[in-house]
Amino acid sequence: MQSTAISFCPSISISTKLQKPDLSSLYRFNPITPKRLLCKNGSVLGRAVNPVSCSLRQNGWVSGPPPEPESEGFVVRATSVPESAGAGEGPKSKGIGDTLVLGTLFGLWYLFNIYFNIYNKQVLKVYPYPVTVTLVQFAVGTVLVIFMWTSNLYKRPKISGAQLAAILPLAVVHTLGNLFTNMSLGKVAVSFTHTIKAMEPFFSVVLSAMFLGELPTIWVVSSLVPIVGGVALASMTEASFNWAGFWSAMASNLSNQSRNVLSKKFMVKKEESLDNITLFSIITIMSFILLSPAAIFMEGIKFTPAFIETAGLNVKQIYTRSLIAALCFHAYQQVSYMILQRVSPVTHSVGNCVKRVVVIVTSVLFFRIPVTAINACGTGIALAGVFLYSRVKSIKPKAKTA
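Going by what an unreviewed UniProt entry lists, the protein is known as Phosphoenolpyruvate/phosphate translocator 1 and is assigned to Forsythia ovata. UniProt lists a comment for the protein under the heading Subcellular location (unreviewed entry), and it reads "Plastid, Chloroplast membrane".

In structure tokens form, the structure reads like this:
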């Protein structure tokens, strides 16, 4: 089966002068004699005062300006083109390539997150100094950011004082969010910390309503019910439960969602906006600067080989695991922003929900955490609520018609 394609000559000229119609050219299009050729408007062809031409279309005769000579205008030619023409391998192979890249990024996102949680937990389990551990993670991230900027792996941004002032609140809550997460990981199981962190949508809805005036739809509110209920059920039956770990994870939720609200509230001007990776890089450096004096004041200098040896710990093991955890911490967040640049926020939210499931399952298997049926049910209900929330969040309320 064949289709008809229309091709245009590159030379186009438009004449504004009225010319007599080229009656000889009309013989090629119309079998009717030009002596009495009528158009739809009823005008008679051939008068020089108001020249009108007729052309044959699929739906009948239509009037238009007089045809220009072929050498001075554009020519429409009908050519026979096979159906397979234009269906080359380019777009198809490009689509497959993009899918493979996106799948690889998702795999790296999950893998880095798994390694971060495992190695981070191993360090915090024997080295109970979460402020120092968090500082080390920001320090390694700062070194990586500076390396990327100086080696031109990523463009170094030009930051104004006004931008730094706007980013400062984001850096504060980012620092607190990661600090509270490490405090929770040091007190309770990795699976329980991530189960509590499934409450993030609840804090997001509350804070957005309070500070941004974004009232949730009935569907969003309904999706929060299984999240809250599932976390409550899992908390009641958690073997490693303690209040310090529970409230630290809750504080982490509050801090992280405050960062999102502040991003919308203060970083709204397009001329002051930064891409996500650049913004994260700047926040990492600022978090390191902010936390350094706090870590020394709260815990002292306790990351030296001498102190670790006196604590009866393996210096090489602590340093190695801390370094791997810090690298994975920075890597998984960078990859997360790379994914966000390629997919919609809803898709990214669903991927984040799946990531939490993967982290919970792998941590339970790796650390051999005892899990009861009720505990697993509570965790499953909470995660199902998070997935439901990520889907209904994209539903827009119908506009009221007058």
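### Overview of the environment of Ser151
Looking at the element boundaries, Ser151 is found in the loop between α3 (130–150) and α4 (161–187). What makes Ser151 partly exposed here is its relative accessible area of 31%. A polar side-chain atom of Ser151 sits 2.5 Å from the main-chain carbonyl oxygen of Phe147.

### Overview of the nonpolar core
Grouped together as the largest cluster of nonpolar side chains are 21 residues, with contacts concentrated most on Ile196, Met199, Ile227, Met250 and Tyr389. Residue assignment for this core shows that the elements contributing at least two residues are α5 (190–196), α6 (200–212), α7 (218–236), α8 (243–266), α12 (345–367) and α13 (373–392). The element contributing the most residues to this core is α13, with five residues. Excluding its chain neighbours within four sequence positions, the residues that come into contact with Ile227 are Ala198, Met199, Pro201, Ala382, Gly385, Val386 and Tyr389. With 18 residues, the next largest nonpolar core counts Trp109, Tyr110, Phe138 and Val343 among its residues.

### Some words on the environment of Phe106
Counting through the fold element by element, Phe106 comes out in helix α2 (residues 89–126). Through-space distance from the C-alpha of Phe106 to that of Tyr332 is 9.7 Å; in sequence the pair is 226 residues apart. Setting aside anything within four residues of it in sequence, one finds Phe106 in contact with Ile339 and Gly351.

The rules behind each value
- Residues numbered from 1 in each chain as written.
- Predicted model: local features only at pLDDT ≥ 70, side-chain atom pairs only at ≥ 80, totals over all residues.
- Heavy atoms only, no water.
- UniProt positions renumbered as here; feature names shortened; annotations may be inferred.
- Helix = DSSP H or I, 4+ residues; strand = E, 2+ residues; numbered from the N terminus.
- Buried < 20%, exposed > 50% of the residue type's maximum accessible area, 1.4 Å probe, protein only.
- Polar contact = N/O pair within 3.5 Å; in protein donor to acceptor, adjacent residues only side chain to side chain.
- Core = buried A, V, L, I, M, F, W, Y, C linked by side-chain atoms within 4.5 Å.
- Contact = heavy atoms within 4.5 Å.

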